[in-house]
Structures are given as structure tokens and as C-alpha cells.
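A closer look at the structure
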Amino acid sequence: MRSIRTKLLVLMVLFILIPLVIAGYFSTNIAESVLKSKINDSNQTALSVLNKYVNSFKRDTETIVQMLSESNEILNYDGSQASDEAVLKKLEETKKAMPDAMNVYFATPSKKMILYPIQKLENYDPTERPWYKEAVNANGKITWTEPYQDFNTKVPEITVTKAVLDSSGKLIGVLGIDISLEQLSKNISDVKLGKTGYIYVVTKDGITISHPDSTRLFTSIKKYDFGERLLATKNSTIQYVSNNILKFASVRDLDSFGWKAVVTMDNSELTGDVTKIRNFIITVSIVILLIGIVIAYFFSNSISLGIKKVVAAMEEASQGNITVRADVKTKDEVGVLANSFNTMLEGIKKLIFDIKSVSESVNHSAENLAVASEQAAQATQDVAKAIEEIAQGASSQAKEAEESANAT
């Protein structure tokens, strides 16, 4: 049978341990959720900066295209050699103003192609090219192609075009600028977030146009298990497994082109900090538990010590020693129990003394009664003897009377 001290100790340890376990569990989960939210917020902030950069890139490029389309050299183009030279000079100025521009060109409905840097084109009909047709169909609005890989350099590029119309709405020609995304991709790829985090960009169709790993450029994100889910994600976070490594990615839509920018990093970035928090909570819990066990031990020991004194006194009293007393000085229930036990023994002692006194009185009365009974018995015997003597005297008198009567 377990002692009350053991039961109290176990109960107190459970009272300390259970809240610590529950608090530690929820604290860890909350910390993981908060850290995940903080990391996502940080990633979204970085992606927001990238979004502003892309917006600025598009806005600045469109401004240059618009200014070029409104220049006198373009608006007054008449197909002459002098006009060709003026347009070429203007294209050269534009190219110098745009470090990322690969080619700047002007195509006319007469199938003439003015290109800077100057390149030799044979049997080239610009009016049959998709970029030309899209610009014409846009009716004067600036259009952008989807990113594509340059045939020679293999670097990602994008083309911006604009149809130039005269005051009557007649097509003068189409302006086009091939812009390299290599520097943009490099700037994005150079950004490091945490220990394992990096940014990459995919088109709305899932084609990777910027990635630290050049082998993944112009490959489809859809070939991965998480690809479709990533493309369906809007400005939030997903978790996925890649190469047997658990990762999470913060996704943001880029306003300008409908692209998606992704910050991806190993889940260890999150679990590492959570593990530190968990270890700290476990360490603190163990320390608190040890302190609680020491306090519980002394507390339960103080309670059981008082109970042991009362039990020892009861056992001694059961052997007939009513002079024993439970020496407990505490003011708690054990102290009240000890005082009640001591009071009970005092009452029993007084009761015994009262019984003894009554017994002695009864014994004395019994002795007196015995003496009185003996005296009454002696008196009875004397009365009986007297009656016998009287009876004998009467019998004698009767005999004498009879004799007297006979004599008479």
C-alpha cells in the first residue's frame, strides 16, 4: 500500500507536469505558427519589392517606347534614305539609353526593317512576324510578348512593341525592342533569404524565366508534383516536398505581366527555430519540475510526518496507554486532528476516573448492603427462635391445660 506521502508527491508532480506539457505543446505550435507567419511576411515583403521593381521596369520601358513613337524621326518617316538614317540614329540613341536592350528596330508596312545594332537580314519579312501582327492588332497600344529564349545567346528575353499611327490612323510602322532578362534574372537570383531561401520567377503558364539554377530556365514548373498547386496559389504560402526535402514557398503575383515570383526555402529554416524554442521550453519545464518535486517532497513530508505522529499515538493508545499525546504543532487539518485526538484521550481519561469513582462508591454501598443484609438475617433468625420458643410455650400450656381439664 502506498503511503500518503507518496500519493501526495505523485499528485503534486502530476499537477505540475500536466500543465507544463500542455503549455509546452501549445507554445511550440503557436511559436511555429508565428514564425511561419513572420517568415511569410518577410518573404512577401521581399516579393513586394520585386513586384515594384518589375512594375518600374515595365513603366520605364513603356515610357521610352512611347517617347520613341512620338519622336519626329518616326512620325515623319517617309521611306527615304535620309529618313532611314534619321530613324537608325534615333534607334541607336534608344539602345544606348537602355543597357538591357538587345535590339531596337522599326518595321514598316513595306517590309523594310531598320535595326540597331545593324545586322544583315536576308529574305526577312517583318510583317509576317507574330510581334508585328500583335502590335498592329493592338491598334497603337503597347504590347509585350511572353518571355522566350534567345536563339543564339540562350538568355531569356522579352519583346515590347508598339504600332505607330499618323494623325489619320494610318499605320506608319511598328517599333520593337528586344529586352534581355538576363540582368533581371541575375539580380533576382542573387537575392538570398535565410540559409536556403532564394527567389525564382515563372510565367503564368509555369515556364521558369529566372532561377539560380540555370538548368531550370525555360523548363515547366508543371513537371513537378507541386507545380499546379503553386500556380494556383495567390499571395500565400504552400508546403511541398522536393528531392525528399520538405520545403515551403511564399508566392506572389507580379502585377505587370501576370508572372509569379516565388520565395522557396527548406522547412528546416522554420523547424530549426522551433526546435530551439522547444528545447528551451523543455529545459525550463525540467527545471520547474525538479523545483516542484523538491517543494512537493518537503510539503508532503511535512503532512505525512504529522499524520505519522497521530498514527503512532493512536497505536500506543490502543495498547492502553492513554497518557500518550500526539505532538503536532501545525495549524492545518492534521494539527486539528491531533488536537482532537488529544482532547479525546483527555475525555477518556476523565471518563475512566469518573467510572473508578462511581465503582468505588458502588462497592462501598454494596459492602454496607451486605452488612445490613447480614444483620437482617440475624434478626430474622432471632425472631424465628422467639416464635419457636413461643410456640413451644403455647404447646406446653395447652398440654398443661389439657392435663388440668382432665384433672378437673
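Parameters at a glance
- Residues numbered from 1 in each chain as written.
- Predicted model: local features only at pLDDT ≥ 70, side-chain atom pairs only at ≥ 80, totals over all residues.
- Heavy atoms only, no water.
- UniProt positions renumbered as here; feature names shortened; annotations may be inferred.
- Buried < 20%, exposed > 50% of the residue type's maximum accessible area, 1.4 Å probe, protein only.
- Helix = DSSP H or I, 4+ residues; strand = E, 2+ residues; numbered from the N terminus.
- Arc of directions from axis to C-beta.
- Core = buried A, V, L, I, M, F, W, Y, C linked by side-chain atoms within 4.5 Å.
- Contact = heavy atoms within 4.5 Å.
- Pairing = 2+ DSSP bridges.
- Salt bridge = Lys/Arg side-chain N within 4 Å of Asp/Glu carboxyl O.
- Patch = residues over 30% accessible without salt bridge, like charges linked within 9 Å, V, L, I, M, F, W, Y side chains within 5 Å.
- Areas by Shrake-Rupley, 256 points an atom, 1.4 Å probe, with all protein chains shown as cover.
- Phe/Tyr/Trp six-rings, centres within 6.5 Å; stacked < 30°, edge-to-face > 60°.
- Lys NZ or Arg CZ within 6 Å of the ring centre and 35° of its normal.

- Per an unreviewed UniProt entry, the protein chain is named histidine kinase, and its organism is Caldanaerobacter subterraneus.
- Reading the Subcellular location (unreviewed entry) entry of the UniProt record for the protein chain gives the comment "Cell membrane".
- Per its UniProt entry, the protein chain bears the Catalytic activity (unreviewed entry) comment "ATP + protein L-histidine = ADP + protein N-phospho-L-histidine."

**Structural notes on helix H5 (residues 182-189)**
- Those residues of H5 lying buried are Leu184, Ser185, Ile188 and Ser189. The buried residues of H5 all sit within an arc of 130 degrees when viewed along its axis, so they share a single face.

**Here we look at the nonpolar core**
- Among the nonpolar cores identified, the biggest contains 39 residues, and Leu50, Leu91, Phe106, Ile177, Ile179, Val201 and Trp259 are the most heavily contacted of them.
- Of all the elements, helix H1 (residues 4-69) adds the most residues to this core, at seven residues.
- When residues no more than four places from it in sequence are discounted, the contact partners of Ile177 are Val65, Thr94, Met98, Ala101, Asn103, Val104, Tyr105, Ile158, Thr159 and Val160.

**What about the pairing of strand S8 (residues 197-202)?**
- Here S8 lies mainly inside the structure; six of its six residues are buried.
- Side chains Gly197, Ile199 and Val201 of S8 all project onto a buried face; the interleaved residues Tyr198, Tyr200 and Val202 project onto the opposite face, where all are buried too.
- Bridge analysis of strand S7 (residues 192-193) against S8 gives two bridges, and the strand direction is antiparallel. Each residue of the ladder has a partner; that of Leu193, found in S8, is Gly197.
- Counting the residues between successive antiparallel strands, the hairpin from S7 to S8 contains three residues, one of them, Gly194, with a positive phi of roughly 70 degrees.
- With five bridges joining them, S8 and strand S12 (residues 260-266) adopt antiparallel strand pairing. Each residue of the ladder has a partner; that of Val201, found in S12, is Ala261.

**Brief notes about the pattern of salt bridges**
- By the definition in use, this model includes ten salt bridges.
- Salt bridges sharing common partners tie together Lys234, Asp253 and Lys260.

**Topic: a nonpolar patch on the surface**
- Residues Val10, Leu14, Ile18, Ile22, Tyr25, Phe26, Ile30 and Val34 make up a contiguous nonpolar surface patch of about 740 Å² in total accessible area.
- As for its position among the elements, Ile30 is in helix H1.

**Quick word on the side chain of Thr208**
- Its location among the elements puts Thr208 in strand S9 (residues 208-210).
- When neighbours within four sequence positions are excluded, Thr208 is seen to be in contact with Val201, Val202, Arg216, Leu217, Phe218 and Thr219.

**Overview of the packing of aromatic side chains**
- Inspection of every chain in the model, using the stated rule, returns nine aromatic pairs.
- Grouped by ring-pair contacts, the aromatic residues Phe57, Trp144, Phe257 and Trp259 constitute a single cluster.
- Its end group placed over the ring of Phe257, Lys58 keeps NZ or CZ at 5.2 Å from the ring centre.
- We note Arg216 situated over the ring of Tyr200; from NZ or CZ to the ring centre the distance is 6.0 Å.

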